[in-house]
Amino acid sequence: MTTITTRTVEYLADGLTMIGHLALPAGADRRPAVLLGPEGTGLSDVERRRADALAELGYVALAFDLHGGRYLDDPEEMLARCLPLLADPDRMRDIGRAALDTLRAEPRTDPDRIAAVGYGTGGAIALELGRAGVDLRAIGTVNGLITGRPGEAARIRCPVWAGVGSEDPIMPPAQREAFTAEMQAAGVDWRLVVYGGALHAFHHPPVDHAALPGVGHHPRHAQRAWHDVVGLLTECLTSAE
């Protein structure tokens, strides 16, 4: 296993002190980087381990925070914070930009090779960074197929990959169709993978607290979605190396 270095990083966003998890690959050279966003419950060891896995693959990875260091395991509390956030593109962009600035400030980060990948709310934030015209090499979103304000998807300047479970009641077929219509109308280089039989947050290991209805882990598709994300990063961040 490749030796990596990890540390917590604090930064301000959305009126909160955010606590992210930064993972650095071995070496001292500049490397392509990945901004990694969590589900609406917030940053957990799941995303920290994914950031570490990306560092082992040679990327600088920052798993960013949503709730000022808190993990919201109460579904009602999570929805009370996330639903207003998901309805406010400017707030999402501010949270994403603050995390992106933190990632860019890391000396190991190659500022010209950054991708944003997110799950649920974190995926919606990644998409809003693209709609804001932020310079990214790739955007990946898993069960976060949120449409944006009219016309703003035309600002996306990189490939977009999206994954969703076929049985996800939170991202149903109508939501998928609206998302793909938005991407197509904007001329975005987009892909959508529908994982058969999977529910919402199918990528996330089982949790020991209450979850929203329609949430469920699908181990096989979770592995496939991770491979798809890694493939996106290989194509867009390292293929020119």
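To be clear, the structure that these remarks concern was listed above.
Residues numbered from 1 in each chain as written. Predicted model: local features only at pLDDT ≥ 70, side-chain atom pairs only at ≥ 80, totals over all residues. Heavy atoms only, no water.

### A few points about the pairing of strand β1 (residues 5-13)
Every other side chain in a regular strand lies on the same face of the sheet, so the side chains alternate between the two faces. Here β1 pairs with strand β2 (residues 16-24) via nine bridges, running antiparallel. Note that in β2 the partner of Val 9 across the bridge is Gly 20. Where β1 hands over to β2, the hairpin turn is made up of two residues, of which Asp 14 adopts a positive phi near 55 degrees. (Pairing = 2+ DSSP bridges. Helix = DSSP H or I, 4+ residues; strand = E, 2+ residues; numbered from the N terminus.)

### Details of the sheet that holds strand β6 (residues 138-142)
Spatial strand order, β1-β2-β4-β3-β5-β6-β7-β8: eight strands in an open sheet with mixed pairing. Taken across any chain shown, the strands that pair with only one partner, and hence form the sheet edges, are β1 and β8 (190-195). Pairs of neighbouring strands in the sheet enclose a mean axial angle of 20 degrees, with direction left out of account. (Axes fitted to C-alpha atoms, helices over the stretch in contact; angles between N-to-C directions.)

### Topic: the nonpolar core
By size, the foremost hydrophobic cluster in this structure holds 42 residues, and its most contacted members are Leu 35, Phe 64, Leu 103, Leu 136, Ile 139, Ile 156 and Val 160. Here the element with the most residues in this core is helix α3 (residues 89-105); it accounts for six residues. In contact with Leu 136, other than residues within four places in its own chain, are Ile 114, Ala 115, Ala 116, Leu 129, Gly 130, Arg 157 and Cys 158. (Core = buried A, V, L, I, M, F, W, Y, C linked by side-chain atoms within 4.5 Å. Buried < 20%, exposed > 50% of the residue type's maximum accessible area, 1.4 Å probe, protein only. Contact = heavy atoms within 4.5 Å.)

### Here's the deal with helix α2 (residues 75-86)
Relative to the 16 Å expected for 12 residues at 1.5 Å per residue, α2 spans 15 Å between its end C-alpha atoms, a close match to the ideal helical length. All of the buried residues in α2 are Pro 75, Met 78, Arg 81, Cys 82 and Leu 85. With its buried residues spanning 140 degrees around the axis, α2 presents them on a single face. Away from the buried face of α2 by more than 90 degrees, exposed residues Glu 76, Ala 80 and Leu 83 are located. On its buried face, α2 sits against β2, α3 and α4 (121-131). (Expected span 1.5 Å × (residues − 1). Arc of directions from axis to C-beta.)

### Quick notes on the packing of aromatic side chains
For any pair of aromatic rings, geometry is given as the distance between the ring centres together with the angle between the planes. On inspection of all chains with the given rule, the structure shows one aromatic pair. The interplanar angle of 45 degrees and the centroid separation of 5.1 Å between the aromatic rings of Tyr 195 and Phe 202 together place this pair among those described as tilted. An identical accessibility class is assigned to Tyr 195 and Phe 202; each is buried. Sitting over the ring of Tyr 119, Arg 50 keeps its end group 4.4 Å from the ring centre. (Phe/Tyr/Trp six-rings, centres within 6.5 Å; stacked < 30°, edge-to-face > 60°. Lys NZ or Arg CZ within 6 Å of the ring centre and 35° of its normal.)

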